[in-house]
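Okay, here's what each chain looks like letter by letter:
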Amino acid sequence: MKKKSKLNSTNADKYDLYEKSVQSVEFEVQFIDKMFRKYNRGKCFDIREDFCATASISAEWVKHNKNKKAFAIDLDRKILNVAKKRINKYLSQEQSNRLQLIHGNSQSKITKKVDSVVAMNFSYWVFKDRSSLKKYFSNAYKHLKKDGILLIDAFGGYEAHQELEERTKHNGFTYVWDQHKFNPINNDLTCFIHFEFSNGSKIKRAFKYEWRLWSLPEITECLKSVGFDLVDIYMQGWDEKNDCESEKFYHVKKCDADPGWIAYIVALK
Ligand SMILES: C[S@@+](CC[C@H](N)C(=O)[O-])C[C@H]1O[C@@H](n2cnc3c(N)ncnc32)[C@H](O)[C@@H]1O
């Protein structure tokens, strides 16, 4: 039998590595349904995935249930072509018919109204001033049905203000999160993702992000100012036994000043 070659910089697909190290699409799809139940908003059928990149949340969404539909939006045609190839590879024809890839700016693109708008992995941090952030939130608000929910995420803690590299080992590769430059004057943050392999090869700067580090109170204020009725924060829990982040997120009004945290933000119409 032919031996499978080990993962390295030439045979690895950076989008596969990204999905394995950064995304938790199954969790997120369940989280959307859970939030709908929790806030008595009925059932969530349609989502709009802003800043979708490879549209993996949308793909998981339509796989989950045959009544679910997704509109996935990204500004970059190249990434939408990658998304299309992945959808053809991983979804049946029937499933992909319920997923629409749309080229456009999430801040202004008009689509059908949906039950839930989702924007994950801090993508809305491309908007670096209040007026453009509020313009995005306002467009998300406009695209929600009466009982709709917006789901976004954020990270913070004092480590978020530092220039640092964090390595996480995965099966066959190491994921490197590089907080490369941080400017405390305006909170501009430049980050990269690199991948390293056991044969010494690397994919340097596989992904680059130019963001503003927004705080939870700033995000909450901007959401409320465009009309969201209620904004709740769900902080990631801590697994005492294994001394690491747990897979549970808790609705909190107050929490410890951890060095690094990740939260989901749920905004209700
Ligand atoms: C951090 S990645 C997306 C990650 C993905 N949402 C996830 O959960 O992992 C950011 C994506 O946003 C897209 N993007 C940046 N600005 C945008 C905009 N104004 N409207 C739509 N897409 C945008 C980029 O092309 C890129 O594919």
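All values reported here derive from a predicted model rather than from experimental measurement.

All right, on to the domain arrangement of the protein chain then. On domain assignment, one finds that the protein chain holds domain 1 (14–154 + 214–268) and domain 2 (158–211). Put simply, the middle of domain 1 and the middle of domain 2, counted by C-alpha atoms, are 22 Å apart. In total, domain 1 and domain 2 occlude about 1400 Å² of area from one another, counting both sides; carbon and sulfur atoms represent 69% of this. The partner of D188 in a salt bridge is K128, with the nearest N and O atoms 3.5 Å apart. If you look at where domain 1 meets domain 2, you find three residue pairs in polar contact (both at pLDDT 80 or more).

The next thing to look at is the sheet that holds strand β1 (residues 46–49). Spatially, the eight strands line up as an open sheet ordered β3-β2-β1-β4-β5-β12-β10-β11, and their pairing is mixed. Bordering the open sheet on either side are β3 (99–103) and β11 (244–251), each of which pairs with just one other strand. For this sheet, the mean inter-axis angle between neighbouring strands, taken without regard to orientation, is 20°. Along the sheet face, helix α6 (residues 130–142) touches β1, β4 (114–119) and β5 (144–156) and points at about 145° away from the line of β5.

This part takes up the site of the ligand. If you check the shell around the ligand, you find 16 residues, and the closest are Y18, F51, D74, N105 and N121. Within the side chain of D74, an N or O atom sits 2.6 Å from an oxygen atom of the ligand. At a separation of 2.8 Å, a nitrogen atom of the ligand approaches a polar side-chain atom of N105. Protein contact buries 87% of the 600 Å² of open area that the ligand shows by itself. Residues of the shell around the ligand, tallied by class, amount to eight nonpolar, six polar and two charged.

Within the structure shown, the criterion is met by 28 aromatic pairs. With centroids separated by 6.4 Å and ring planes inclined at 90°, the aromatic side chains of F155 and W177 adopt a geometry described as edge-to-face. Here F155, found in strand β5, pairs with W177, found in strand β7 (residues 173–183); they are 22 residues apart in sequence, far enough to count as distant. In terms of burial, F155 and W177 fall into one category: buried. With a centroid separation of 6.3 Å and an interplanar angle of 35°, the aromatic rings of W177 and Y209 are classed as tilted. One end of the pair, W177, is in strand β7; the other, Y209, is in strand β9 (residues 202–212), with 32 residues separating them in the sequence. Accessibility expressed as a relative area gives 10% for W177, which makes it buried. Among the aromatic side chains, those forming a connected cluster through ring pairs are F51, F122, Y124, W125, F127, Y136, F137, F155, W177, Y209 and W211. The ring of F192 has R205 sitting right over it, with the charged end atom 4.0 Å from the ring centre.

Attention now moves to the pattern of salt bridges. Applying the stated criterion across every chain, the model contains 17 salt bridges. Here D16 and R86 are joined by a salt bridge, their closest N and O atoms 3.1 Å apart. Highlighted residues: D16 in helix α1 (residues 14–21) and R86 in helix α4 (residues 77–90), separated in sequence by 70 residues. The exposure class of D16 is partly exposed, given its relative accessible area of 22%. The partner of D50 in a salt bridge is R48, and the shortest N-O contact between them spans 2.9 Å. Note on D50: relative accessible area 1%, which makes it buried. According to the relative accessible area criterion, R48 is buried, its value standing at 0%. Several salt bridges share partner residues, and in doing so they unite D13, D16, E19 and R86 into one network.

Our focus in this paragraph is a negative patch on the surface. A surface patch of negative charge is lined by E159, E166, E245, D256 and D258. Mapped onto the fold, E159 is located in the loop between β5 and β6 (164–170). With a relative accessible area of 31%, E159 lands in the partly exposed category.

The rules behind the values
Residues numbered from 1 in each chain as written. Predicted model: local features only at pLDDT ≥ 70, side-chain atom pairs only at ≥ 80, totals over all residues. Heavy atoms only, no water. Domains from an automatic or database assignment. Buried area = accessible area lost by both parts, 1.4 Å probe. Salt bridge = Lys/Arg side-chain N within 4 Å of Asp/Glu carboxyl O. Polar contact = N/O pair within 3.5 Å; in protein donor to acceptor, adjacent residues only side chain to side chain. Pairing = 2+ DSSP bridges. Helix = DSSP H or I, 4+ residues; strand = E, 2+ residues; numbered from the N terminus. Axes fitted to C-alpha atoms, helices over the stretch in contact; angles between N-to-C directions. Contact = heavy atoms within 4.5 Å. Near = heavy atom within 4 Å. Areas by Shrake-Rupley, 256 points an atom, 1.4 Å probe, with all protein chains shown as cover. Nonpolar A, V, L, I, M, F, W, Y, C, P; charged D, E, K, R; others polar. Phe/Tyr/Trp six-rings, centres within 6.5 Å; stacked < 30°, edge-to-face > 60°. Buried < 20%, exposed > 50% of the residue type's maximum accessible area, 1.4 Å probe, protein only. Lys NZ or Arg CZ within 6 Å of the ring centre and 35° of its normal. Patch = residues over 30% accessible without salt bridge, like charges linked within 9 Å, V, L, I, M, F, W, Y side chains within 5 Å. Lys, Arg positive; Asp, Glu negative; His and termini not counted. Charge placed at Lys NZ, Arg CZ, Asp CG, Glu CD.

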